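Below, each chain spelled out in residue letters.
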Amino acid sequence: MERIFILKQTTNNKIQLSENKEFWNNLKNNNSSIVYKIYCNYLKNSNETFDIIFGIDILNSKEIFLTIPRLTYQIFVSNTKNISKSWEKIQQLENNKIIKRSYIFDYEKYYPNGEVHIFLGIK
């Protein structure tokens, strides 16, 4: 079970997240922690409103700010330079009905070495 410290923002794919861009860049540039970008509370799908939660790993903390739910995830491995291309591939897979997303909870896990794992909630 993973616990993370969070900053939450409600958005959709049509809204730019400029106001938290500096915060997000600071998190990604922190080479000592695993960083998370979580997508949840979807109204319907990624074109409707949903929450984005930014966070860092706090495994040694006694407080739980958010717990990642135990769901069925398909994992896509990427890196910080190719994350947009990975999401484009995911969208193609969904459009071609190769995968069926649950739109409950998805997240990206950024490792200090630049590797990124996308955990996609599926039905």
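If you're wondering where the values come from, they're calculated on a predicted model, not measured in any experiment. (Residues numbered from 1 in each chain as written. Predicted model: local features only at pLDDT ≥ 70, side-chain atom pairs only at ≥ 80, totals over all residues. Heavy atoms only, no water.)

J.: How would you explain the pattern of salt bridges if you had to name every residue and give the values?
T.: A side chain with one charge may pair with a side chain of the opposite charge, provided their charged atoms come close. The final tally for this structure, using the stated rule, is two salt bridges. Salt-bridge contacts for Arg101 lead to Glu94; the nearest nitrogen and oxygen are separated by 3.8 Å. Across this residue pair, the class does not change: Arg101 and Glu94 are buried. Arg101 is the partner of Asp106 in a salt bridge, and the nearest nitrogen-oxygen pair spans 2.7 Å. Assessed through its relative accessible area of 0%, Asp106 is described here as buried. For Arg101, a relative accessible area of 6% gives the class buried. (Salt bridge = Lys/Arg side-chain N within 4 Å of Asp/Glu carboxyl O. Buried < 20%, exposed > 50% of the residue type's maximum accessible area, 1.4 Å probe, protein only.)

J.: Describe the nonpolar core, naming the residues involved and giving the relevant values.
T.: One finds Ile34, Tyr36, Ile38, Cys40, Ile53, Leu66, Ile68, Tyr73, Phe105, Tyr107 and Phe119 forming the largest nonpolar core, which totals 11 residues. Listed by contribution, the elements that provide at least two residues to this core are β2 (35-40) and β5 (105-110). Tallying contributions element by element places β2 first for this core, with three residues. Phe76, Ile83, Val116 and Ile118 belong to the second largest nonpolar core, which has 10 residues in total. (Core = buried A, V, L, I, M, F, W, Y, C linked by side-chain atoms within 4.5 Å. Helix = DSSP H or I, 4+ residues; strand = E, 2+ residues; numbered from the N terminus.)

J.: Explain unusual backbone geometry residue by residue, including any values.
T.: For Lys97, which is not glycine, the phi dihedral falls at a positive 60°. In this fold, Lys97 is placed in the loop between α2 (83-95) and β5. Unusually for a residue other than glycine, Tyr103 sits at a positive phi of about 55°. With respect to the element layout, Tyr103 can be found in the loop between α2 and β5.

On their own, these measurements won't tell you what the molecule is for.
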